[in-house]
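# Inside the fold
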Amino acid sequence: MSDMSIYENLTQLGTSTGLPEDPERAVLEKVPNPQAGTGYMVRFVAPEFTSLCPITGAPDFAHLVIDYVPKDFLVESKSLKLFLGSFRNHGAFHEDCTISIAKRLVDLLQPDWLRIGGYWYPRGGIPIDVFYQTGTAPEGVWIPDQGVPPYRGRG
């Protein structure tokens, strides 16, 4: 049985927590990695990510895939869901949203490796895909393809 004390400082899990007004106010939380020292990859997929165009205020939609190889910490998933949801009323270009998410996670977790694929649905007939990673994936860790095909009516 794992040591439950690693969860004692979480402020959102197990409580009713409203959606943050914007990403800067969102609280991302981490927990100690109970498998520290073991090379493995964690994947989060947000197929209905939403933000706003900073100019027109029109909604933008993306399929986000976040992969990371943890070191000492894991991101607490409810806090990640709330953080991603905080973009719903936030105006930023696709590139800024995607890279800001990656940098915030890297700052919080200091993972061995992280990559994000932001597969944005078309507006004005042009899909925009944004990719970022911190460097070369660690040797010996299985890193599968993100599995999102080039745009052809994504689904």
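Notes on the structure in this doc start here. Please read all numbers here as calculations on a predicted model, not as lab measurements. (Residues numbered from 1 in each chain as written. Predicted model: local features only at pLDDT ≥ 70, side-chain atom pairs only at ≥ 80, totals over all residues. Heavy atoms only, no water.)

## Section: the pairing of strand S2 (residues 42–52)
Quick reminder of the rule: Think of it this way: DSSP has to see at least two bridges between two strands before they count as a pair. Strands are runs of DSSP state E lasting at least 2 residues, helices are runs of H or I lasting at least 4, and numbering of each runs from the N terminus.
Alignment of S2 against strand S3 (residues 59–69), held across nine bridges, turns out to be antiparallel. Note that in S3 the partner of Leu 52 across the bridge is Pro 59. Adjacent in sequence and paired antiparallel, S2 and S3 are bridged by six residues, among which Gly 57 carries a positive phi angle near 80°.

## Quick look at the pattern of salt bridges
Side chains carrying opposite charge are able to pair once their charged atoms draw close together. To keep things clear, this is the line we draw: Salt bridges, as used here, are contacts in which a Lys or Arg side-chain nitrogen is within 4 Å of a carboxyl oxygen on Asp or Glu. Burial classes follow relative accessibility: with a 1.4 Å probe on protein chains only, a residue under 20% of its type's maximum area counts as buried, one over 50% as exposed, and anything between as partly exposed.
For the structure shown, the criterion picks out five salt bridges. Residues Arg 25 and Asp 22 are paired through a salt bridge, measuring 3.7 Å at the closest nitrogen-oxygen approach. The class for Arg 25 is exposed, based on a relative accessible area of 53%. When salt bridges that share partners are traced, they join Arg 43, Asp 67 and Arg 115 into one network.

## Comments concerning the side chain of Ser 51
Formally: It only takes one pair of heavy atoms within 4.5 Å for two residues to be counted as in contact.
If you trace the backbone, Ser 51 turns up in strand S2. Ignoring anything within four residues of it in the chain, the contact list for Ser 51 reads Ala 58, Pro 59, Asp 60, Phe 87, Arg 88, His 90, Ala 92, Cys 97 and Trp 120.

## Observations regarding the nonpolar core
To keep it simple, the criterion reads: To form a nonpolar core, buried Ala, Val, Leu, Ile, Met, Phe, Trp, Tyr and Cys residues must be joined to one another through side-chain atoms within 4.5 Å.
Phe 49, Val 75, Phe 83, Leu 84, Ile 101 and Leu 105 are the most contacted members of the largest nonpolar core, which has 28 residues in total. Elements with a minimum of two residues in this core: S2, S3, strand S4 (73–75), helix H1 (77–85), helix H2 (94–109) and strand S5 (113–123). Broken down by element, the residue count for this core peaks at seven residues, all from H2. Excluding its chain neighbours within four sequence positions, the residues that come into contact with Phe 49 are Asp 60, Phe 61, Ala 62, Leu 64, Leu 84, Phe 87, Cys 97, Ile 101 and Trp 120.

## Examining the packing of aromatic side chains
What counts is decided by this rule: Paired rings are identified among Phe, Tyr and Trp, the last through its six-membered ring, by centres lying within 6.5 Å, and are further divided according to the angle between planes into stacked (under 30 degrees), edge-to-face (over 60) and tilted (the rest). The rule is short: NZ of Lys or CZ of Arg within 6 Å of the ring centre and within 35 degrees of the ring normal puts a charge over the ring.
Within the structure shown, the criterion is met by five aromatic pairs. Look at Phe 83 and Phe 87: their rings are 5.4 Å apart centre to centre, the planes differ by 75°, and that puts the pair in the edge-to-face class. The exposure classification of Phe 83 matches that of Phe 87, with both residues buried. Between the aromatic rings of Tyr 119 and Phe 131, the centroid separation amounts to 5.4 Å while the plane-to-plane angle is 75°, which identifies the pairing as edge-to-face. One end of the pair, Tyr 119, is in strand S5; the other, Phe 131, is in strand S6 (residues 126–133), with 12 residues separating them in the sequence. For Tyr 119, a relative accessible area of 6% puts it in the buried group. One residue, Lys 30, lies across the ring of Phe 73, its end atom 4.0 Å from the ring centre.

## Concerning the environment of Ile 143
With respect to the secondary-structure elements, Ile 143 resides in the segment after S6. Judged by its relative accessible area of 21%, Ile 143 is partly exposed. For the pair Ile 143 and Arg 43, spaced 100 residues apart in the sequence, the C-alpha separation amounts to 9.6 Å. Sequence-distant contacts of Ile 143, defined by excluding residues within four places in its chain, comprise Met 41, Val 69, Trp 113, Arg 115 and Ala 137.

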